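Residues per chain are reported as follows:
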Amino acid sequence: MTISVAERAQLRAAVGELLREKCTEADVRRVMASEEGFDRELWSRLAEQGLLGMLVDDAHGGLGFGAQELEAVAEETGAALLPAPFISSAVLAVALVQAAGSDDDKQRLLPGLADGTSIGTVAVTGPSGSWTADGVDVRAGADCALTGTAHYVTWGQVADVVLVAARSDDGVGVFEVAPDAEGFDRTAATVFDPTVRLSTFTFADTPARRLGTAGWDAVQQALDHAVIAAAGEQVGGARAIFDMTVEYLKTRVQFGRAIGSFQALKHMAADLLIEVENATSAAQHAAAEMAAGSETVDGAIALAGFTCAEAYETVAMNAIQMHGGIAFTWEHPAHLYLRRARTGLQLFGDSRLHRERYLVSKGA
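As the structure is a prediction and not an experimental result, all values here were calculated from the model.

Draft legend 1. Molecular detail of the nonpolar core. Membership of the largest hydrophobic core comes to 101 residues, with the highest contact counts inside it found for Leu-46, Phe-86, Leu-96 and Phe-348. Per-element accounting of this core gives the leading share, 17 residues, to helix 7 (residues 216–251). Contact partners of Phe-348, with chain neighbours within four places excluded, come to Ile-87, Leu-92, Trp-131, Thr-154, Leu-223, Ala-226, Val-227, Ala-230 and His-354. Val-138, Ala-140, Val-177 and Phe-201 belong to the second-largest nonpolar core, a separate cluster that totals 16 residues.

Have a look at this one:
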């Protein structure tokens, strides 16, 4: 489904309004300290707005939107530091079901993911954290029983739709595991960013069922959607902390002058604005390329993958420096943005992986 630029802006504005009301800094701090790590009431509100079913076609209860709508919404969730399994469930799991699942799989799984009654996750990479086919550690036997471990599983503790990339005799396949399956253990990982929960999954001859016949290509399609969503969140977060810093430069007075009038800080702010704008262009270009089905989409996604993640960390680090001592305290929101930025440098592929993919796309 294609919507106009104006309609996309209205969608983004509606999401921003909801998050400014229900996902304030105080809300983020409260929720990230809770056992589950997200607010189920807000999750229901996101479902009511159709956001959890953005990528789900209307035949299965979704809106049938594409990558550009996803990226626009993600900029708002990133600015608000939304602590919720949005990318894990509404993007990664949904995209994988749609890419790998049979018609029966889609009818069984997608409606619940779209209306928020189910929460999905995808176990992809092993301990190497490479997010490539070579990095898959779980193996599937002839009877589809799974053995091995999956690391860095997003929101794995709360997921009830558990999808696993596993090696089989015919390559990597996609498998579904029941949350209470025998031999399945999930352990919450210690995280640097408490707004993004991670788990380690262990499988010991765990019964599973295969989704369709698709292989790694389906997993890569899902990861591509996740990279675009993550890029949108990184752009939104970078812009939010940049705006916060500029406002501080205007109001913080030293030696009888607003510190924003000092030339050194002006230059730093100008450099950070370039980082934000470059990242915004990369994220939105990748989304547009995917929406258009462009032949150059792989390179665009890879470019967004490293550009947006690195820009976010650069802006967050410099924003803390420009705030001075106050930003080094846990009570200041700059810390939350820095932690999200650091986490994003690794999830769904690090900068080295994305750069290598970009070079391959250019024939280098």
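Draft legend 2. Examining the pairing of strand 4 (residues 161–168) more closely. Strand 4 sits mainly inside the fold: 7 of its 8 residues count as buried. Sheet analysis places strand 1 (residues 120–123) next to strand 4, joined by 4 bridges and oriented parallel. Considered in strand 4, the bridge of Val-122 is made with Leu-163. Inspection of the sheet shows strand 4 paired to strand 5 (residues 171–177) by 7 bridges, in the antiparallel sense. Residue pairing across strands places Val-164 opposite Phe-175, the latter belonging to strand 5. With antiparallel pairing between neighbouring strands as the criterion, strand 4 and strand 5 make up a hairpin whose turn holds 2 residues.

Draft legend 3. Examining unusual backbone geometry more closely. Even without a glycine there, the phi angle at Leu-81 is positive, about 55°. As for its placement among the helices and strands, Leu-81 is situated in the loop between helix 4 (67–79) and helix 5 (86–100). Unusually for a residue other than glycine, Asp-205 sits at a positive phi of about 55°. Tracing the chain through its elements places Asp-205 in strand 7 (residues 198–206). On the basis of relative accessible area, Asp-205 is assigned to the exposed category, the value being 56%.

Draft legend 4. A look at the domain arrangement of the chain. Domain annotation for the chain reports domain 1 (5–115), domain 2 (120–215) and domain 3 (217–362). On a C-alpha basis, the centroid separation for the pair domain 1 and domain 3 is 21 Å. Contacts between the two partners involve 25 residues from domain 1, matched on the other side by 32 residues from domain 3. Summed over both sides, the interface of domain 1 with domain 3 buries roughly 2200 Å², with 71% coming from carbon and sulfur. Among the residues domain 1 hides against domain 3, the three largest losses belong to Glu-71, Leu-81 and Ile-87. Together they make up 25% of the total. Inspection of the region where domain 1 meets domain 3 yields 0 salt bridges. Taken together, the connections running from domain 1 to domain 3 amount to 6 residue pairs in polar contact (both at pLDDT 80 or more). Only helix 2 (25–32), helix 4 and helix 5 provide two or more residues apiece to the side of domain 1 that touches domain 3. Sorting elements by how many residues they give to the side of domain 1 that touches domain 3 places helix 4 first, with 9 residues. A breakdown of the residues in the side of domain 1 that touches domain 3 according to their chemical character gives 18 nonpolar, 3 polar and 4 charged.

Reading guide: rules and limits
Residues numbered from 1 in each chain as written. Predicted model: local features only at pLDDT ≥ 70, side-chain atom pairs only at ≥ 80, totals over all residues. Heavy atoms only, no water. Core = buried A, V, L, I, M, F, W, Y, C linked by side-chain atoms within 4.5 Å. Buried < 20%, exposed > 50% of the residue type's maximum accessible area, 1.4 Å probe, protein only. Helix = DSSP H or I, 4+ residues; strand = E, 2+ residues; numbered from the N terminus. Contact = heavy atoms within 4.5 Å. Pairing = 2+ DSSP bridges. Domains from an automatic or database assignment. Buried area = accessible area lost by both parts, 1.4 Å probe. Salt bridge = Lys/Arg side-chain N within 4 Å of Asp/Glu carboxyl O. Polar contact = N/O pair within 3.5 Å; in protein donor to acceptor, adjacent residues only side chain to side chain. Nonpolar A, V, L, I, M, F, W, Y, C, P; charged D, E, K, R; others polar.

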